[in-house]
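Coordinates in review
The chain contents come next:
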Amino acid sequence: MVKAIWNGKVIAESDATIVVEGNHYFPIESVRAEYLSQSTHETVCPWKGTASYYSLEVDGKTNPDAAWYYAFPKSAAAQIRGMVAFWRGVQVS
């Protein structure tokens, strides 16, 4: 079971993550939606496509743009559609 933890709370946990470029992508249904808030930040990966971001909000603290996902990944990254990955201090283990 892989868990994503930030500010002492489990943000996501799943035994069905997909690892791409060293990042665990969690199925969206395994992520606790109450900790996510949509961000306007986007980045572009040449082979995965455009990434959109969520900020995490846990117990009054915010971690901006700490989670990302590809709503419409390019075909080379189709396996991560509907999946969320974490960074910026989120412990994934």
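This structure is a prediction, so every number in the text was calculated from the model and none was measured.

Relative to strand β4 (residues 23-27), strand β3 (residues 18-20) runs antiparallel, the two sharing three bridges. Bridging across to β4, V19 finds its partner in H24. With antiparallel pairing between neighbouring strands as the criterion, β3 and β4 make up a hairpin whose turn holds two residues, including E21 at a positive phi of roughly 50°.

A few words now on the UniProt feature "domain: DUF427" (unreviewed entry) in the chain. Those residues carrying the UniProt feature "domain: DUF427" (unreviewed entry) are residues 2-88 in this numbering. In residues 2-88, the share of helix is 0% and the share of strand is 60%. The end C-alpha atoms are 17 Å apart.

Attention shifts here to the nonpolar core. Where a protein is soluble and globular, its nonpolar side chains tend to be buried together. Core analysis: the biggest nonpolar cluster contains 18 residues, and I11, V31, L56 and F86 have the highest contact counts within it. Counting only elements with at least two residues in this core, the list comes to β1 (2-6), β2 (9-14), β6 (49-58), β7 (61-69) and β8 (83-86). Contacts of I11, omitting those with residues within four sequence positions, involve A4, I5, W6, S30, V31, R32, Y35, L56, V58 and F86. In this structure, C45, A51, A77 and I80 belong to the second largest nonpolar core, which totals eleven residues.

Rules behind the numbers
Residues numbered from 1 in each chain as written. Predicted model: local features only at pLDDT ≥ 70, side-chain atom pairs only at ≥ 80, totals over all residues. Heavy atoms only, no water. Pairing = 2+ DSSP bridges. Helix = DSSP H or I, 4+ residues; strand = E, 2+ residues; numbered from the N terminus. UniProt positions renumbered as here; feature names shortened; annotations may be inferred. Core = buried A, V, L, I, M, F, W, Y, C linked by side-chain atoms within 4.5 Å. Buried < 20%, exposed > 50% of the residue type's maximum accessible area, 1.4 Å probe, protein only. Contact = heavy atoms within 4.5 Å.

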